[in-house]
Amino acid sequence: MPEYKAISIGKWRCTPTPAGEHILGYWGPHNFVSAGWMYEQRRGKGWLKWMSLTPMESESHMPHIAAAHGTVVVAGLGMGFVLHNILCKPEVTRVIVLEKDKDVVKLFKRTIRRDHWLPALDKFELRLGDALAFRPDFHVDFLYVDLWPCLGEECACSITQTLQCNIQAASVGFWGQEFDFVSWLMAKNLPEPLEDHCTQHHYRAFCEDVGWPLVEQDNPSYPKLALAAVLFQGSIGVGRTDEGVLMAAIAFSASPPRLSCRRSQL
Ligand SMILES: C[S@@+](CC[C@H](N)C(=O)[O-])C[C@H]1O[C@@H](n2cnc3c(N)ncnc32)[C@H](O)[C@@H]1O
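The structure presented is a predicted model; accordingly, all values stated were derived computationally and were not measured. (Residues numbered from 1 in each chain as written. Predicted model: local features only at pLDDT ≥ 70, side-chain atom pairs only at ≥ 80, totals over all residues.)

> Can you help me understand the overall build of the protein in this one?
Secondary structure assignment for the protein yields nine helices and 13 strands. Relative to all contacts within the protein whose residues are 6 or more apart in sequence, the contacts with residues 24 or more apart total 64%. (Helix = DSSP H or I, 4+ residues; strand = E, 2+ residues; numbered from the N terminus. Contact = placed C-beta atoms within 7 Å.)

Structural data, given as structure tokens:
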């Protein structure tokens, strides 16, 4: 978890978030969470939370950080949380980050504590511009896509499709892909209960259907974890947080609704 500084640039600011008890993560609840940081953008008279170091955010990136190796392309700089963790891995040799918002880049450069990033920063290259136009002339081992503000965003698959079509990475991950897998499974109208179908076989079929070499295909626990995340986040998104804790606990014996939720709600 990198440290940041409190700074404002244009419509953006980086501010601290307090420590708290009973905070909800991506895969489950936490009794205690340390203080962290967030990036917010001015919207009218208020501030819209875009990115943060909350457990929901950090846990949701975990399968992708774990999968990173060799030459990595990360679409979406944000606070650089994913970047920081990927750079820390010795098996990662080069990281190219695609970011289109100049102010996000400025804020990132001004708010990070460089001493927390060196010497791994030498492996990092920033390409300013639209990620969808990026066409590398080198082999990419892993592509991670996180360009949207909501879990379960409809555009996630089409954006990942465009990027992977241009980049042809050997392995791929995209933020909130658990929602897309569970939605794909639900659309099959298989007999209840749904968790019986959250299997490696079905996850691999999903990967084949979308046509990308997605992360976690060799992890037999991942499909059920994906369902747990969807149930849990769905219950937070509709404001039933106590129920969310319960639903996470019974994730393996309940059927999820198709739900999505904004980062700003978490
Ligand atoms: C949610 S943030 C990424 C958070 C990041 N994973 C982290 O670890 O902090 C999404 C980022 O993608 C950027 N973005 C959105 N659409 C883009 C595009 N088409 N090309 C490049 N960057 C884009 C946004 O400016 C934003 O910085």
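> Can you walk me through the environment of Leu126 in this structure?
Here Leu126 is to be found in strand 9 (residues 124-128). The spatial distance from the C-alpha of Leu126 to the C-alpha of Val73 is 10.0 Å, given a sequence separation of 53 residues.

> Looking at this model, I keep getting lost on the packing of helix 6 (residues 177-186) against helix 7 (residues 200-210). Mind explaining?
If you want to describe how two helices pack, look at the angle between their axes and the distance between the axes. Where helix 6 contacts helix 7, the two axes come as close as 10 Å, and the packing angle between them is 100 degrees. Relative to helix 7, the element helix 6 lies roughly perpendicular. When helix 6 is examined against helix 7, the residues Phe181, Trp184 and Leu185 are found in contact with a partner set consisting of His202, Tyr203, Phe206 and Asp209. Grouping the constituent residues of the contact of helix 6 with helix 7 by class yields five nonpolar, one polar and one charged. (Axes fitted to C-alpha atoms, helices over the stretch in contact; angles between N-to-C directions. Parallel < 35°, antiparallel > 145°, perpendicular 65-115°, else oblique. Nonpolar A, V, L, I, M, F, W, Y, C, P; charged D, E, K, R; others polar.)

> Explain helix 4 (residues 102-111) to me, please; I cannot follow it from the model alone.
Each turn of an α-helix holds 3.6 residues, which means side chains three or four residues apart point in the same direction. Within the span of helix 4, buried status applies to Val104, Leu107, Phe108 and Thr111. Buried positions in helix 4, seen along its axis, are confined to an arc of 100 degrees and lie on one side of it. Structural note: helix 4 exposes Lys102 and Lys109 on the side pointing more than 90 degrees away from its buried face. Lining the buried residues of helix 4 we find strand 1 (7-9), strand 2 (12-17), strand 5 (36-43) and strand 8 (92-99). (Buried ≥ 20, exposed ≤ 12 C-beta atoms within 10 Å, placed from the backbone. Arc of directions from axis to C-beta.)

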